[in-house]
Each structure stands twice: as structure tokens, then as C-alpha cells.
2 protein chains.
Amino acid sequence: MTTASQRDPSVDEAAIRALIESIDRGLHRKDLAAITAPYAKDALIFDLAPPLSHRIDAGELGAWLDSWEGPVERESRDLDITVGGDLAFCTGFFRVSATPRAGGHAAWWMRATLCLQRDGGDWRIVHEHTSVPFRMDGSFQAAVDLEP
Amino acid sequence: MTTASQRDPSVDEAAIRALIESIDRGLHRKDLAAITAPYAKDALIFDLAPPLSHRIDAGELGAWLDSWEGPVERESRDLDITVGGDLAFCTGFFRVSATPRAGGHAAWWMRATLCLQRDGGDWRIVHEHTSVPFRMDGSFQAAVDLEP
């Protein structure tokens with residue numbers, strides 16, 4: 001048995017980075033099973049869209065994927081992963097880029113916070129918070145044009 | 001010495017809850033030192049306002065406090081705290097309510113994710129992500145009227 005103190009955090013960081021990249025590839029392929037596999041079944045999601053919170057929902061995610069023509073591209077920047085024992089959190093930025101079925105093209109950067117728990121041998125995302133800030137000039141417009 | 005396995009997570013949860021309440025009281029009193037004390041010096045903040053991210057900044061926070069007439073009230077709901085070893089994360093909702101110097105009244109619910117690390121005997125917030133979602137109806141309006 002490997003105890004917490006014997007574990008090498010860089011191994012866990014690499015595993016979590018690989019997990020995030022597996023979601024990126026799943027989004028590109030629109031492979032719902034690949035996208036949802038790294039999440040705990042009842043993962044708490046604070047999403048770009050209302051409501052304030054929901055539990056992960058494959059049906060809703062599938063409908064979202066279907067709203068895009070072709071692949072959904074996601075890249076990460078400045079991922080910072082902190083591991084301690086059986087918990088981890090990750091902060092950074094995601095750029096999503098895709099073509100709406102309605103036409104045009106959409107691309108935006110968002111901040112992302114992921115909270116993970118070790119479940120047996122695997123890391124699982126138990127919470128995901130993605131957002132953009134909004135303008136404080138009275139317009140209350142979501143700032144989807146910011147870059148990290 | 002108390003090892004990680006001997007620690008009672010409920011003690012840590014209570015400490016983190018007390019830390020959050022100390023910020024609430026600090027906001028009420030507009031006591032900048034009390035508000036910032038529980039944060040790590042270089043805490044990474046994903047805030048309601050642009051930019052996408054910044055480090056905690058007492059000067060900016062002081063200017064924000066000054067933009068309100070009288071106390072800034074903050075209450076929490078559904079705080080869920082997960083502790084493992086020297087890491088913790090907390091999810092939930094904050095309601096902020098205050099009177100702008102410019103007149104009127106402002107109140108909104110937001111989602112909050114806090115990531116904490118044990119620093120010696122104390123917990124410190126190393127990352128805070130607060131946000132509201134935005135409307136996906138083409139208006140890109142921040143949804144400041146949602147309730148948890």
C-alpha cells in the first residue's frame with residue numbers, strides 16, 4: 001500500500017492534466033462518454049449558463065454539444081494544480097471555440113476552477129466552476145472578450 | 001504532533017466556517033484587515049468584475065468597500081466543505097446586499113468556490129472564484145437575479 005506521504009505529487013498532477021486533456025479530446029470528438037467519464041456522478045457544476053448550480057447532466061451536455069456544427073475545441077492555459085492527499089484543486093483558463101449551428105463562430109476564454117477527489121486509484125472531478133466576469137459599467141454584460 | 005490521520009475533519013470544517021464568517025463580519029464593519037486576514041498573500045482571485053483573474057489586492061478591495069454607503073452585508077447558503085489533509089475546498093452561495101453611494105440598493109446571489117491550504121495551524125484561502133452565470137438568449141446579460 002502506498003500511503004499519502006509516500007506519493008509523488010507530480011504523478012498526481014500529471015494524472016489530473018491527462019484527465020483534463022481527455023475532456024478536451026472528448027469535446028473535439030463530441031464523445032459524451034469520454035467527456036463525462038472524469039466527473040463524479042453527482043459532480044456540482046457552476047456553469048456559464050443559468051441556473052446558479054446544477055449536478056452534472058449528460059442529457060443537457062449532449063443537447064449543448066448538438067448545438068454546435070462540427071467539433072468543439074477547448075484549450076487550456078496556466079493550469080495550476082495543487083495536490084494534497086486525496087484532494088486536489090486546479091485553476092486556470094479554458095478557451096472554447098466552435099461553430100454554432102445557427103451560423104457564425106464563437107470563441108471565448110473563461111476561468112475554471114476544478115476540485116477533485118481521489119476515488120480508489122482514479123481522480124474524479126467533484127466540482128467544476130467556469131465563468132466569465134461581467135462589466136461593472138452598468139451594462140451587466142458578460143465579458144466574453146477577455147484574454148488571460 | 002497531530003498527524004493528518006488523527007485529525008477530526010469536523011474541527012477543520014468548523015474552522016473554515018468561522019473563517020468565512022469572519023469575512024462576513026469584516027464586510028459589515030468595512031474592516032479591510034479583517035476581510036483580508038484569511039487570504040494567502042498571493043491568493044488567486046476570479047472575481048465578479050474583470051479582469052479574468054488577479055491576485056488579492058487590498059487597495060482595490062478598499063476602493064470597492066468605499067463605493068458603498070454604510071455596511072456591506074454578506075450571508076452564505078449551502079456551504080459544503082471538503083477537507084483532506086492540508087487541503088480543503090468549499091462551495092456554496094453568497095448573498096451580498098449594500099447601498100451604492102450613487103443611490104439605490106444592490107443585492108445579488110453569486111456562486112462561490114474557495115480553495116484553502118493549511119498554513120501552520122491556520123487555514124488560508126489560496127483561491128476564490130465568485131461569479132454569476134449569464135443569459136444564453138443572445139443578450140449576454142449577467143444573471144444577478146438568480147436565487148439558489
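Our subject in this report is the structure included herewith. In this text the structure is predicted, and so the values were computed from the model without any measurement. (Residues numbered from 1 in each chain as written. Chains lettered and ligands numbered in written order. Predicted model: local features only at pLDDT ≥ 70, side-chain atom pairs only at ≥ 80, totals over all residues.)

Before going further, it helps to spend a moment on the relation of the copies chain A and chain B. Structural alignment of chain A on chain B gives an RMSD of 0.0 Å, achieved by rotating through 180° and translating 0.0 Å along the axis. Expressed as a symmetry operation, the mapping of one chain copy onto the other fits a two-fold axis. No C-alpha of chain A approaches the rotation axis more nearly than that of glutamine 141 of chain A, which lies at 2.5 Å. A shared binding surface is used by both copies, with 100% of the interface residues of chain A retained as interface residues in chain B. (Least-squares fit on C-alpha atoms with pLDDT ≥ 70 in both. Contact = placed C-beta atoms within 7 Å.)

What follows is about the pairing of strand 4 (residues 87–100) of chain A. Each regular strand carries side chains that alternate between the two faces of the sheet. All names here are of chain A. Relative to strand 4, strand 3 (residues 68–84) runs antiparallel, the two sharing twelve bridges. Bridging across to strand 4, valine 83 finds its partner in alanine 88. The loop that links strand 3 with its antiparallel partner strand 4 comprises two residues; one of these, glycine 85, has a positive phi angle of about 60°. Counted between consecutive antiparallel strands, the loop separating strand 4 from strand 5 (residues 106–119) contains five residues, among which glycine 103 sits at a positive phi close to 110°. (Pairing = 2+ DSSP bridges. Helix = DSSP H or I, 4+ residues; strand = E, 2+ residues; numbered from the N terminus.)

This next bit is on helix 1 (residues 9–29) of chain B. All names here are of chain B. Given a rise of 1.5 Å per residue, 21 residues ought to cover 30 Å, and the 30 Å separating the end C-alpha atoms of helix 1 matches this to within 8%. Those residues of helix 1 that fall on the buried side of the exposure criterion are Asp12, Ile16, Ile23, Gly26 and Leu27. Down the axis of helix 1, the sector holding all buried residues measures 105°, keeping them to one side. Projecting away from the buried face of helix 1 at angles above 90 degrees are the exposed residues Ser10, Val11, Ala14, Ala18 and Arg25. On the buried face of helix 1, the contacting elements are helix 2 (32–36), strand 3 (68–84), strand 4 (87–100), strand 5 (106–119) and strand 6 (122–131). Downstream of helix 1 by one or two residues, lysine 30 has phi in the positive range, about 55°. (Expected span 1.5 Å × (residues − 1). Buried ≥ 20, exposed ≤ 12 C-beta atoms within 10 Å, placed from the backbone. Arc of directions from axis to C-beta.)

Here the focus is the nonpolar core. With 58 residues, the main nonpolar core has Ala88, Phe89 and Leu116 of chain A together with Ala88, Phe89 and Leu116 of chain B as its most contacted residues. Among the elements that make up this core, the one with the highest residue count is strand 4 of chain A (seven residues). In contact with phenylalanine 89 of chain A, not counting residues within four places along its chain, are Thr82, Thr113, Leu114, Cys115 and Leu116 of chain A together with Phe89, Cys115 and His127 of chain B. By size, the runner-up hydrophobic cluster in this structure holds five residues, among which are Ile23, Leu27, Ile35 and Ala98 of chain B. (Core = buried A, V, L, I, M, F, W, Y, C linked by C-beta atoms within 7 Å.)

Contacts between the two partners involve 35 residues from chain A and, on the opposite side, 35 residues from chain B. Among the elements of the structure, strand 1 (39–46), strand 3, strand 4, strand 5 and strand 6 (122–131) of chain A are those that each provide at least two residues to the side of chain A that touches chain B. Classifying every residue of the side of chain A that touches chain B gives 22 nonpolar, ten polar and three charged. (Nonpolar A, V, L, I, M, F, W, Y, C, P; charged D, E, K, R; others polar.)

Quick look at the environment of serine 76 of chain A now. Residue and element names in this part refer to chain A. With respect to the helices and strands, serine 76 occurs in strand 3. Between the C-alpha atoms of serine 76 and glutamine 141, which are 65 residues apart in sequence, the distance is 24 Å. Setting aside residues no more than four positions away along its own chain, serine 76 makes contact with Ile20, Gly92, Phe93 and Phe94.

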